[in-house]
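# Secondary and tertiary structure notes
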Amino acid sequence: MTDKAAAKLKSDGWKIVDTTGFLHLIGPLWQRVVDGGHEYALITEDKHHNRRGLVQGGVLMTFADRTCGITARQVSGKPMLATVQMDTHFVEAGKIGEVLVSRPHVVRSTRSLIFITTEITVDKRCIAMASGVFKILKSE
């Protein structure tokens, strides 16, 4: 299923995002630009399951945090940001083998904080909603 899903993403214009650290263990993370907006995708695999055999909530939270954080970095033009708050609402269970999609939206940006929301969807189903606040850090 994963190879088939990856082939479909590639044919639809998605590219793998270079990741390291914790996200590298969860990914690969995919990205594309549609009508000027960035979209992110994650193909759920067996490694993402919880004890009920569904997508673990922590995977959804990490996916939302990273996609909103990437968006905050793009908006600010700064390399160093930190998540200062992240709220996640689980709407429906995600199933292993499904492709999760996040389309972050900037609500407000100030000199020091960026407010972002996203919905994590599978096709037209909303799986989770998240909102985050990201602090722009001073470069050392």
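Our structure is the block above this text.
Since we're looking at a predicted model, the values are computed, not measured. (Residues numbered from 1 in each chain as written. Predicted model: local features only at pLDDT ≥ 70, side-chain atom pairs only at ≥ 80, totals over all residues. Heavy atoms only, no water.)

Turning our attention to the overall build of the protein chain. What the protein chain contains, in helices and strands, is three helices and eight strands. Across the protein chain, helices and strands are ordered from the amino to the carboxyl terminus as α-β-α-β-β-α-β-β-β-β-β. Over its C-alpha atoms the protein chain spans a radius of gyration of 15 Å, differing by no more than 12% from the 14 Å that the globule rule assigns to 140 residues. Judged by the C-alpha coordinates and their principal axes, the protein chain covers about 45 × 30 × 30 Å. For the protein chain, the proportion of its 140 residues judged to be buried stands at 39%. (Helix = DSSP H or I, 4+ residues; strand = E, 2+ residues; numbered from the N terminus. Rg over C-alpha atoms; globule rule 2.2 N^0.38 Å. Buried < 20%, exposed > 50% of the residue type's maximum accessible area, 1.4 Å probe, protein only.)

Attention now moves to the layout of surface pockets. What the largest pocket holds in volume is close to 370 Å³. Around the largest pocket, the lining comprises 16 residues; the ones closest to its centre are Lys8, Leu9, Val99, Val101 and Asp123. Mapped onto the lining of the largest pocket, the elements with two or more residues apiece are α1 (2-11), β5 (99-102) and β7 (113-122). The calculated volume of the second largest pocket comes to roughly 170 Å³. Broken down by secondary-structure element, the contributors of at least two residues to the lining of the second largest pocket are α3 (57-76) and β4 (81-90). Here the lining of the second largest pocket takes five residues from α3, the largest share from any one element. A breakdown of the residues in the lining of the second largest pocket according to their chemical character gives six nonpolar, two polar and three charged. (1 Å grid on protein atoms, 1.4 Å probe; cavity = no way out; pocket = protein on both sides within 12 Å on 5 of 7 lines; lining within 4 Å. Points joined across faces, edges and corners; volume = space filled by probe spheres on them. Nonpolar A, V, L, I, M, F, W, Y, C, P; charged D, E, K, R; others polar.)

Judged by nonpolar contacts, the single largest core of 18 residues is most densely connected at Leu29, Leu42, Leu60, Phe63, Leu100 and Ile120. Per-element accounting of this core gives the leading share, five residues, to α3. Counting eight residues, the second largest nonpolar core, distinct from the first, contains Ala6, Leu9, Trp14 and Trp30. (Core = buried A, V, L, I, M, F, W, Y, C linked by side-chain atoms within 4.5 Å.)

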